[in-house]
Amino acid sequence: MLSKQVAKHARKFFPAYVIVRTLKGKSVLLTLKFIVRLLISKRIRLSLSHRIALLIQMYRIDQNVPSAHSFDEYLACCVFILENDTLEGSILEAGAYKGAGTAKLSIVARACRKKLFVFDSFAGLPNHSDPVAITTLGYTRRFAKGDYCGTFNEVLSNVTKYGAIESCVFVRGYFEETIRDFNEPLMAVFSDVDLVSSYKSCFQLFPCLVEGGKWFTQDAHIPAVYNLFVDDRFWENDIGIKKPQLTLLSRRLGYFSSIPAIRS
Ligand SMILES: C[S@@+](CC[C@H](N)C(=O)[O-])C[C@H]1O[C@@H](n2cnc3c(N)ncnc32)[C@H](O)[C@@H]1O
């Protein structure tokens, strides 16, 4: 009761409140690192007031839209995009749920005058045969068909209200069907799709990543998915490239760097 009162009043003192909330989270240092970087990076070609406005918008999204990520996770990708906005190519999100991450990426896409492609079934997870995930964070996840369902209308409404809908291109359907026709240059991808089979489909897009681009994933804590990330044979036989380097930022969050000249 008392803590609710404190939180209510503390909200008035944003951004101090965000920092306090951040300190309660698990990725304290990572969150602070990316907040500071967003505010002071010389590589970001936005005014300080625009950067602060972006942070406030992200905070508002977290307050109003249910999501399955922590503040640092999309922020890391957003900072990468803002610092590298001169790279050719669009942004792509695989796995939108209710559209919280989509809204965050969309405001950054607008700031950089880039397109954001949003791939999802808008019906939740598909059928699958993955084992029950005993995550490296110590909890167990049993993914069922339809989990994490955000309908198209829900996502549309959330992104319209809190994001930049004009920057988004929505691609509806299971990745197995939708991804094979895509062939546009990408400078950043954020994937949060939980399942090995979904990653196998999504990674068909890896060759679309331009040189210098990055592919962020929020699923490194799921052992079966991680095993796919580091499986040389998968990358060589199924994707036709040498395994890309995976850099972990936390137990859940990491990014793959593009392979030089992969699109040529
Ligand atoms: C964990 S949720 C994404 C959470 C979101 N990134 C967030 O942080 O709020 C996983 C999403 O991936 C989508 N998804 C997973 N596998 C899919 C597939 N094979 N085809 C289409 N969508 C898929 C689900 O519909 C769901 O929206």
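Scroll up to find the structure this text is about.
The paragraphs below set out a description of the structure included in this document. Fair warning: this is a prediction, and the values are worked out from it, not measured in the lab.

## What to know about the packing of helix α5 (residues 71-83) against helix α6 (residues 100-111)
1) Next: Put simply, α5 and α6 touch, their axes get as near as 10 Å, and they point 10° apart. As summarised for this structure, α5 and α6 are arranged roughly parallel, according to the angle between their axes. The two elements α5 and α6 cross, and the hand of that crossing is right-handed. Every residue of α6 that contacts α5 at Tyr-74, Cys-78, Ile-81 and Leu-82 is listed here: Gly-101, Lys-104, Leu-105, Val-108 and Ala-111.
2) Next: Across the contact of α5 with α6, the residue classes tally to seven nonpolar, one polar and one charged.

## As for the nonpolar core
1) Next: With 71 residues, the main nonpolar core has Cys-77, Cys-78, Ile-81, Val-108, Ala-188, Val-189 and Leu-205 as its most contacted residues.
2) Next: At 10 residues, α5 tops the list of elements feeding residues into this core.
3) Next: When neighbours within four sequence positions are excluded, Ala-188 is seen to be in contact with Cys-77, Phe-80, Ile-81, Ile-91, Gly-213 and Lys-214.

## Remarks on the environment of Pro-260
1) Next: With respect to the element layout, Pro-260 can be found in the segment after β9 (254-257).
2) Next: Here Pro-260 falls in the exposed class, since 8 other C-beta atoms lie within 10 Å of it.
3) Next: Here the alpha-carbon distance between Pro-260 and Glu-211, two residues 49 residues apart in the chain, equals 5.2 Å.

## So, the site of the ligand
1) Next: Taken together, 23 residues sit near the ligand, with His-69, Gly-95, Tyr-97, Ser-121 and Ser-198 positioned nearest.
2) Next: Listed by contribution, the elements that provide at least two residues to the shell around the ligand are α6 and α9 (196-202).
3) Next: For the shell around the ligand, the class distribution of residues is 11 nonpolar, nine polar and three charged.

## A short note on the pairing of strand β1 (residues 90-94)
1) Next: Burial analysis of β1 places four of its five residues in the buried class, which makes it a mostly covered element.
2) Next: In the sheet, β1 pairs with strand β2 (residues 116-120) via four bridges, with the strands oriented parallel. In the strand pairing of β2, Ala-94 is matched with Phe-119.
3) Next: In this view, the connection linking β1 to its parallel neighbour β2 by way of α6 has right-handed handedness.

## Here's the deal with helix α7 (residues 152-162)
1) Next: Those residues of α7 that fall on the buried side of the exposure criterion are Val-155, Asn-158, Val-159 and Tyr-162. Down the axis, α7 shows its buried residues gathered within 95° of arc, on one side only.
2) Next: In this structure, the buried side of α7 is in contact with α4 (48-64), α6 and β5 (168-172).

Quick notes on the rules
Residues numbered from 1 in each chain as written. Predicted model: local features only at pLDDT ≥ 70, side-chain atom pairs only at ≥ 80, totals over all residues. Axes fitted to C-alpha atoms, helices over the stretch in contact; angles between N-to-C directions. Helix = DSSP H or I, 4+ residues; strand = E, 2+ residues; numbered from the N terminus. Parallel < 35°, antiparallel > 145°, perpendicular 65-115°, else oblique. Left-handed = near helix turned anticlockwise from the far one by under 90°. Contact = placed C-beta atoms within 7 Å. Nonpolar A, V, L, I, M, F, W, Y, C, P; charged D, E, K, R; others polar. Core = buried A, V, L, I, M, F, W, Y, C linked by C-beta atoms within 7 Å. Buried ≥ 20, exposed ≤ 12 C-beta atoms within 10 Å, placed from the backbone. Near = placed C-beta within 6 Å. Pairing = 2+ DSSP bridges. Right-handed = clockwise from strand over helix to strand, strands pointing away. Arc of directions from axis to C-beta.

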